[in-house]
Amino acid sequence: VDNNVQHFGSPEYNIRLLLALSFSPLALYFQKLMTQDFYTQKRENYGKQLKQQKRVDRGFSALRFGLIVLAAVSGYAYLKFSNAAFLYTALLLLIGFVWALFRHLKLRKHIKDLKNYIRLNENEAGYLKGELEPFDGAPELIDGDHLFANDLDLFGHHSLFQHVNRTVTLSGKEKLADDFLSDS
């Protein structure tokens, strides 16, 4: 076994790979892409989509309201006239209402996703301007007794953790912090 061979995943291999890739045409292309204009343009595109989807949302609200009112009127007409056509109409309108309800819920989730995409792109554009407030630096994890955490400013305001952290859950934040503090 040749001990001088650097294996995939070893720190030496990863450093050499990172250095080789950082000057590749592909890396230069991605560096160009990840500019403030890139995030601003994406934010504007998501904003246009959000505006359009909110109009559709209002339309679905009106459709649902209309379907349930017509179903109620048709149900009342069935009770008053005992005509089966009114009952079938009411059932069809209720089926239409349930369909519109599920489509509307799906649309509402999409609108929520668009709002999150807008916030994400605003945060990343702000990051490129030096605004770190949206990103948690985990100051509660500062440990004066840790071997290298203070030397590298791993945690706290303007820390390495704050520059890298894009987690949104507590478990994701804890996993990232564990990775930062591990010896390997």
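About the cut-offs
In this convention, every chain numbers its residues from 1, walking through the sequence in written order. In keeping with the model being predicted, local features are shown solely for residues with a pLDDT of at least 70 and side-chain atom pairs are shown and tallied solely at 80 or more, while totals for entire chains, interfaces and linings include all residues. With hydrogens and water stripped out, all remaining heavy atoms of the structure feed into the side-chain values. A helix here means a DSSP run of H or I that spans at least four residues, while a strand means a run of E at least two residues long, and both kinds are numbered starting from the N terminus. Exposure categories follow from relative accessible area, calculated using a 1.4 Å probe and restricted to protein chains: below 20% of the type maximum is buried, above 50% is exposed, and the middle band is partly exposed. Contacts are residue-level and defined by heavy atoms, with any inter-residue pair within 4.5 Å sufficient. Only protein atoms enter the 1 Å grid used here, on which a cavity is any set of points holding a 1.4 Å probe that cannot leave and a pocket is any open set flanked by protein within 12 Å on both sides along at least five of seven lines; residues with an atom within 4 Å of a point are listed as lining. Grid points are joined across faces, edges and corners, and a volume is the space filled by probe spheres set on the points. Each residue is assigned to one of three groups, with Ala, Val, Leu, Ile, Met, Phe, Trp, Tyr, Cys and Pro labelled nonpolar, Asp, Glu, Lys and Arg labelled charged, and all others, Gly among them, labelled polar. When a carboxyl oxygen of Asp or Glu lies within 4 Å of a side-chain nitrogen of Lys or Arg, that pair is called a salt bridge. Each helix should span, by expectation, one fewer than its residue count multiplied by 1.5 Å.

**Looking at the overall build of the protein chain**
Okay, step 1: Looking only at helices and strands, one finds 6 helices and 0 strands in the protein chain.
Okay, step 2: Counting from the amino terminus, the protein chain carries its helices and strands in the arrangement α-α-α-α-α-α.
Okay, step 3: Scored against the burial criterion, the 184 residues of the protein chain give a buried share of 24%.
Okay, step 4: Contacts in the protein chain between residues far apart in sequence, at least 24 positions, make up 60% of those at least 6 positions apart.

**Some words on the layout of surface pockets**
Okay, step 1: One number sums up the size of the largest pocket: a volume of about 290 Å³.
Okay, step 2: Surrounding the largest pocket, 14 residues form its lining, R119, F135, R166, T167 and V168 being those nearest its centre.
Okay, step 3: When residues of the lining of the largest pocket are assigned to their parent elements, the largest contribution, 5 residues, is made by helix α4 (residues 84-128).
Okay, step 4: The residue makeup of the lining of the largest pocket, split by class, is 4 nonpolar, 5 polar and 5 charged.

**Notes on the pattern of salt bridges**
Okay, step 1: In the structure shown here, the tally under the stated rule is 8 salt bridges.
Okay, step 2: Linking R166 and E124 is a salt bridge whose minimum nitrogen-to-oxygen distance equals 2.6 Å. Of the two residues, R166 sits in the loop between α5 (160-164) and α6 (170-181) while E124 sits in helix α4, which places them 42 residues apart along the sequence.
Okay, step 3: Using a relative accessible area of 33% as the deciding quantity, one classes R166 as partly exposed.
Okay, step 4: Here E124 falls in the buried class, since its relative accessible area comes to 13%.
Okay, step 5: Across the pair K173 and D136 runs a salt bridge whose closest N-O atoms are separated by 2.5 Å.

**Here we look at α6**
Okay, step 1: If you check α6, its first and last C-alpha atoms are 16 Å apart, about what 12 residues at 1.5 Å a residue would give, namely 16 Å.
Okay, step 2: Tucked into the core, α6 has its buried residues touching α5.

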